[in-house]
Amino acid sequence: MTSTTPTDAGRPQRSRPNRLIRELWFQVVLGAVLGIAVGILAPGLGEDLKPLNDWFIDLVKMIVVPVVFCVVTTGIASMDNLRKAGRIGVKAIGYFLVLSLVSMLIGLVVANIFQPGAGLHVDPSSLNADDVPETATEHATFTGFISSLIPTSLLGAITGDAILAALMVSIVFGVALNMAGEDGAPLTRGIKALSDVVFRIVGWVMRLAPLGTFGALATVVATYGAESLKQLGYLIVLFTATCIVYVLVVLGAIMRACRLSLFGLMRFLKAELLVALSTCSSEAVLPQLVRKLETLGVGRPVVGIVIPSGFSFNLDGSAVYLTMASLFLAQAMGIDLSWQQQLIMVGVMMLTSKGTAGIAGGAFIVLASTVTAVGHIPLAALSLIVGIDRILNEGRVFINVLGNAVATIVIGKWENDIDTERARKILKSGDATPPPAAETTDGTVSETDTAKTHAGK
């Protein structure tokens, strides 16, 4: 016995570093550190590494729509009662609207109290509208939003990259399969099999996240350096602090009401949150987020409807940014907006902020649309924050991803379609490996495949 004890005691010490290196979140952190180092020490090389992040985002976008189609279609097709799909959708939209309004009002209050733009005294004639990216002039409109919902063809929505169009087609397809009954059963089984293949590809793509992170941060640090931080540091610090308070207070209160741990959820989603932070893309983690929430015990119909729609309608981080940035610009230009004008601005943003998740720099486009529609601030004022928009996007994306995970749990609780005990155990242990099949809720994915997907993470 004495001869085996040292061997057993030493085994965990030798294997722990190896296990840590295999963890995706650790690889992402390592990629981030190396990227920052390259951006500081070799700026020229850092700028050249931009394609690494672009390629990773393109690979993820390649698989996002198939994931949405498989999850939503099979979730609705397997429902005993189609009314549940409509109920989930209505509850999700109601939740999104309330949280978006709360987020915007928080940004409004913080900007009014702390006045981040006061004292800058920017002369409007000194601003150059050419500094504003061309994409910012592509204003979001209601008719454009409706048009984005309608694909040019049925199969085109499934093979394209428009999430909203894919979501609509998936819902229609799932309802048709459900109503077809036994005649549609073989096709439903085929889509379920396709889902397993698609999520296997997701696992492969996510393994490239550290490279995407490395390229993204190397480029950002090399391009902007510390100059933007010095110029507009107060706004960055204030926005970051607001994001932290929002997560702890608002999302924390919601998770407490669900009797689940917010910090446990953040630990469970650490790899996805780190990837979203470093790449500044919500879509980069959508497929894996769907998988993780199913593993957590939320029913597939809830996950399938809430997550894809949430990434277009539930952008709480962007909502905080929109009101704070608008008031910052007004204060910097010496424009005093009344409360009535500010509330009108919020109303316009509630309309223009929906459906821009798939657009690069969507929040910046919404800001431009609002500035133009309200008319109190010149469009050229956007040039003041162009340089730090990428930095502010960090907080926006983090809250957007975490907020949608929380929203899925809330709707799951509301619909009684979440295994709370299972979720509590996973969030407490931080283990992404699901329990045995007997403990799962109906409508979730195959536990065997889920275990394979998360093995080694």
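Residues numbered from 1 in each chain as written. Predicted model: local features only at pLDDT ≥ 70, side-chain atom pairs only at ≥ 80, totals over all residues. Heavy atoms only, no water.

As recorded in an unreviewed UniProt entry, the protein chain goes by the name Aerobic C4-dicarboxylate transport protein, listed as coming from Streptomyces griseoviridis. Listed under Subcellular location (unreviewed entry) in UniProt, the entry text for the protein chain is "Membrane". (UniProt positions renumbered as here; feature names shortened; annotations may be inferred.)

Draft legend 1. Expanded view of the side chain of glutamine 342. You can see glutamine 342 is positioned in helix H18 (residues 339-352). Judged by its relative accessible area of 3%, glutamine 342 falls in the buried class. Here leucine 337 takes part through its backbone oxygen, which lies 3.1 Å from a polar atom of the side chain of glutamine 342. Beyond its immediate chain neighbours, meaning those up to four positions away, glutamine 342 contacts Leu108, Asn112, Leu327 and Leu337. (Helix = DSSP H or I, 4+ residues; strand = E, 2+ residues; numbered from the N terminus. Buried < 20%, exposed > 50% of the residue type's maximum accessible area, 1.4 Å probe, protein only. Polar contact = N/O pair within 3.5 Å; in protein donor to acceptor, adjacent residues only side chain to side chain. Contact = heavy atoms within 4.5 Å.)

Draft legend 2. Quick peek at a nonpolar patch on the surface. A contiguous nonpolar surface patch, about 480 Å² in accessible area, is contributed by Ile244, Val245, Leu248, Val249 and Phe263. If you tally residues by element for the nonpolar patch, the top one is helix H12 (residues 233-257), at 4 residues. Relative to the elements of secondary structure, phenylalanine 263 occurs in helix H13 (residues 262-268). (Patch = residues over 30% accessible without salt bridge, like charges linked within 9 Å, V, L, I, M, F, W, Y side chains within 5 Å. Areas by Shrake-Rupley, 256 points an atom, 1.4 Å probe, with all protein chains shown as cover. Salt bridge = Lys/Arg side-chain N within 4 Å of Asp/Glu carboxyl O.)

Draft legend 3. Highlighting the packing of aromatic side chains. All chains considered together, the criterion is met by 3 aromatic pairs. Ring geometry for phenylalanine 239 and tyrosine 321: centres 6.2 Å apart, planes at 80°, overall edge-to-face. Residue phenylalanine 239 is located in helix H12, and its partner tyrosine 321 is located in helix H17 (residues 316-332); the two are separated by 82 residues in the primary sequence. Note on tyrosine 321: relative accessible area 1%, which makes it buried. Seen from the ring of phenylalanine 268, lysine 292 lies directly overhead, with NZ or CZ sitting 4.9 Å from the centre. (Phe/Tyr/Trp six-rings, centres within 6.5 Å; stacked < 30°, edge-to-face > 60°. Lys NZ or Arg CZ within 6 Å of the ring centre and 35° of its normal.)

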